[in-house]
Amino acid sequence: MSEDRLPLAFYRREALDVARDLLGRLLCRRLPDGTVLRGRLVEVEAYDGPTDRASHAYRGLTRRNAPMFEAGGVAYVYLIYGMHHCVNVVTGDAGHPAAILLRAAESPVAALSASGPGRLTRAFRIDRVLDGVPLTGDVLWVERGQTVADSSVKRTRRIGVGYAGSWARRRYRFLLRDHPSVSGPRNLR
DNA sequence: GGTGCGATTGCA
DNA sequence: GCAATCGCACCA
């Protein structure tokens, strides 16, 4: 337990605000044996609302995306390509599907520096068992860490959502400028 | 009940 | 450039 843990109110805001504010925070994962893994978030992406064509919620509520429709402050974990897990932080009000995909983390512990959503979940041992868990619990949470200045935050279009038409060009990806751990292209607009 | 594919990664 | 690998969304 840490008093540095971000409260529910942090998550129950606009997705883009939460995404921006997640940079520099500490993703924390307690393993079954009690070990706590911590890594600094350096790249995230927002998926916001029922009209976001890149979002899993675009076609409405389904069994998979149900956590996205919950009130902010829970995890949304899914399996992609049959082999990689991706972890999201759900944001906003109940009924408004929105979540932030965690794409990269950095840590002094080499094994916890992970570039890419699939690598991040592998490093932090996050799988679908954690789908829907509250971020106020003792399994998965985010701590205050150190906030980052606007001047070091870069915004680009999201990765791997080219099918989303004009939504693919929205600058919903937030990353630390020039940080070595971010995944994928760094020079997008 | 059958089919197509993905918010990715690693290797040729 | 492309295969891996499977849950599930969607259609019938």
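This next bit is on the layout of surface pockets. Here the largest pocket defines a volume of roughly 500 Å³. Along the wall of the largest pocket there are 24 residues; nearest its centre are Y78, I80, C86, L101 and I159. Of all the secondary-structure elements, those providing two or more residues to the lining of the largest pocket are strand 2 (36–48), strand 3 (75–80), strand 4 (84–90), strand 5 (98–106) and helix 3 (117–123). The residue makeup of the lining of the largest pocket, split by class, is 13 nonpolar, nine polar and two charged. Around the second largest pocket sit R53, A54, S55, H56, Y58, R59, R64 and Y163, which together line it. Of the residues belonging to the lining of the second largest pocket, the class tally is three nonpolar, two polar and three charged.

The full set close to DNA strand B counts 21 residues, and H56, N88, G118, R119 and Y163 are the nearest of them. Counting only atoms of DNA strand B within 4 Å of the protein, the fraction found in sugar and phosphate groups is 49%. Here a phosphate oxygen of DNA strand B and a side-chain polar atom of H56 are 2.7 Å apart. Between DNA strand B and N88 there is a distance of 2.5 Å, counted from a base nitrogen to a side-chain nitrogen or oxygen. Among the elements of the structure, strand 3, strand 4, strand 5 and helix 3 are those that each provide at least two residues to the surface near DNA strand B. Considering every element that reaches the surface near DNA strand B, the biggest residue donor is helix 3, with four residues. Of the residues in the surface near DNA strand B, the class split is 11 nonpolar, seven polar and three charged.

Okay, the pairing of strand 7 (residues 140–143) next. Alternating positions in strand 7 separate into two faces, L140 and V142 on one and W141 and E143 on the other, with burial throughout. Relative to strand 7, strand 1 (residues 26–30) runs antiparallel, the two sharing four bridges. Its bridge partner being in strand 7, L27 is matched across the sheet by V142.

As enumerated under the stated definition, the model contains nine salt bridges in all. R144 is paired through a salt bridge with D4; the nearest N and O atoms lie 2.7 Å apart. In this pair, R144 is assigned in the loop between strand 7 and strand 8 (153–156) and D4 in the segment before helix 1 (8–11), connecting sequence segments 140 residues apart. Accessibility expressed as a relative area gives 42% for R144, which makes it partly exposed. E43 is the partner of R173 in a salt bridge, and the nearest nitrogen-oxygen pair spans 2.7 Å. Placement of R173 in strand 9 (residues 173–176) and of E43 in strand 2 is noted, with a sequence separation of 130 residues between them.

Attention now goes to the packing of aromatic side chains. Scanning all chains against the criterion turns up three aromatic pairs. On the numbers, 5.3 Å between centres and 35 degrees between planes, the contact of Y76 with Y78 is tilted. Here Y78 falls in the buried class, since its relative accessible area comes to 10%. Judged by centre distance (6.5 Å) and plane angle (75 degrees), the ring pair of W167 and Y172 falls under edge-to-face. In terms of burial, W167 and Y172 fall into one category: buried. Above the plane of the ring of F10 lies R13, whose end atom (NZ or CZ) is 4.7 Å from the centre.

Looking at where R5 falls in the secondary structure, it is placed in the segment before helix 1. E143 provides the closest opposite charge to the buried, salt-bridge-free R5, at an N-O distance of 5.6 Å. In this structure the side chain of R5 is engaged in a polar contact, spanning 3.3 Å, whose partner is the backbone oxygen of T136. Of note is the side chain of R5, whose polar atom sits 2.3 Å from the backbone oxygen of G137. In contact with R5, not counting residues within four places along its chain, are L135, T136, G137, D138, W141, V142 and E143.

What counts, and where the lines are drawn
- Residues numbered from 1 in each chain as written.
- Chains lettered and ligands numbered in written order.
- Predicted model: local features only at pLDDT ≥ 70, side-chain atom pairs only at ≥ 80, totals over all residues.
- Heavy atoms only, no water.
- 1 Å grid on protein atoms, 1.4 Å probe; cavity = no way out; pocket = protein on both sides within 12 Å on 5 of 7 lines; lining within 4 Å.
- Points joined across faces, edges and corners; volume = space filled by probe spheres on them.
- Helix = DSSP H or I, 4+ residues; strand = E, 2+ residues; numbered from the N terminus.
- Nonpolar A, V, L, I, M, F, W, Y, C, P; charged D, E, K, R; others polar.
- Near = heavy atom within 4 Å.
- Polar contact = N/O pair within 3.5 Å; in protein donor to acceptor, adjacent residues only side chain to side chain.
- Buried < 20%, exposed > 50% of the residue type's maximum accessible area, 1.4 Å probe, protein only.
- Pairing = 2+ DSSP bridges.
- Salt bridge = Lys/Arg side-chain N within 4 Å of Asp/Glu carboxyl O.
- Phe/Tyr/Trp six-rings, centres within 6.5 Å; stacked < 30°, edge-to-face > 60°.
- Lys NZ or Arg CZ within 6 Å of the ring centre and 35° of its normal.
- Lys, Arg positive; Asp, Glu negative; His and termini not counted.
- Contact = heavy atoms within 4.5 Å.

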